[in-house]
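# Summary of structural features
So you can see what is in the structure, the chains are spelled out below.
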Amino acid sequence: MSDSFDVLWLNASPILKRFDKPLLEYLSGYMKIAQWEYQQTKDEASSIDQAVELLYEFLEWRDRPVHLAGHGMSGAIALSFARRFPEKVRSLTLLAVAAQPANNWQAHYYFQRQLFSISRELVLASSVRSLFGNQPPHTTKKLVAALDKDLEQSPSSHSLFKLVYLPKGGVSMPMMVCGSKSDPVVNSNVLHDWLNWLKPEDKLWECPEGYHFFHYFYPQQVGEEILSFWQHHHPHLLEASALSFSSSIN
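Per an unreviewed UniProt entry, the protein chain goes by AB hydrolase-1 domain-containing protein and derives from Nostoc commune NIES-4072.

Structure below.
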């Protein structure tokens, strides 16, 4: 495999990948980034194991380990991959991933459906306010449709019948965990549970605002923190990438 990229960004939510775009555009000005997407078919059982296996097939012949990153469920896949194949991962960056990796927005959705006798549509509308803040009616309608689609396409194993949990714990390579102080899903208490697993070289950072998709609302602020983390553990990476970027525009 070509070593034409240094960072691999995972996306397992096709309908929500638009919210990664501002951050990726910012980071791509400094780094060589590739995107790996996973879309579950209707005939597949909901499980992240298949995504982890396919990701290994993609990286199997790569000569150097990558800086792996992802948001939400995509971050949970990155975490599972890093634990199973540590030799393939140089560092791990997780955005809005709880120390209990299955504690995502879908888990909150199904918990509300189990707890209250209210419709799917009303819970999704409430989820939009939690994940994005108050939005105009037409925007809320579009976001409800997007979350509804994500429930069908995401490899999450949660359902109305039961909530599934994943193993807690850290990884062997350097890890950065990012969250938002205004995220009701991966809130500060949930995020700080990571402190039980972090190594001295790891980093936990909270964006002051931005809800669950804080990297969409504050791409530069989030990007600067991530770049600082990567540079600390791979000092020559940004320099080489910057030179490559400079050459491509001259």
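### As for helix α5 (residues 120-132)
Between its first and last C-alpha atoms α5 spans 18 Å; for 13 residues at 1.5 Å apiece the expected length is 18 Å, and the two agree. Here α5 has its buried residues at Val123, Leu124, Ala125, Ser127, Val128, Leu131 and Phe132. Elements that come into contact with the buried residues of α5 comprise α4 (105-115), α6 (137-153) and α8 (214-217). Count one or two residues on from α5 and you reach Gly133, which has phi positive near 80°.

### With respect to the environment of Gln135
Mapped onto the elements, Gln135 comes out in the loop between α5 and α6. Not counting residues up to four positions away in its chain, the partners in contact with Gln135 are Thr140, Leu143 and Phe217. A polar atom in the side chain of Gln135 sits 2.9 Å from the backbone oxygen of Phe132.

### A closer look at the sheet that holds strand β5 (residues 175-180)
On the basis of which strands lie adjacent, the open sheet formed by six strands has the order β2-β1-β3-β4-β5-β6 and parallel pairing. One side of each edge strand has no neighbouring strand; the edge strands of this open sheet are β2 (33-37) and β6 (203-207). Within this sheet the neighbouring strands show an average axis-to-axis angle of 20°, counted without direction. Most of the contacts of helix α3 (residues 73-84) go to strand β4 (residues 89-95), to which it runs at about 150°, and overall it touches β1 (7-11), β3 (66-71) and β4. Strands in contact with helix α9 (residues 219-233) are β1, β3, β4, β5 and β6; relative to β4, the strand with the most contacts, it is inclined by about 160°.

Basis of the calculations
Residues numbered from 1 in each chain as written. Predicted model: local features only at pLDDT ≥ 70, side-chain atom pairs only at ≥ 80, totals over all residues. Heavy atoms only, no water. Helix = DSSP H or I, 4+ residues; strand = E, 2+ residues; numbered from the N terminus. Expected span 1.5 Å × (residues − 1). Buried < 20%, exposed > 50% of the residue type's maximum accessible area, 1.4 Å probe, protein only. Contact = heavy atoms within 4.5 Å. Polar contact = N/O pair within 3.5 Å; in protein donor to acceptor, adjacent residues only side chain to side chain. Pairing = 2+ DSSP bridges. Axes fitted to C-alpha atoms, helices over the stretch in contact; angles between N-to-C directions.

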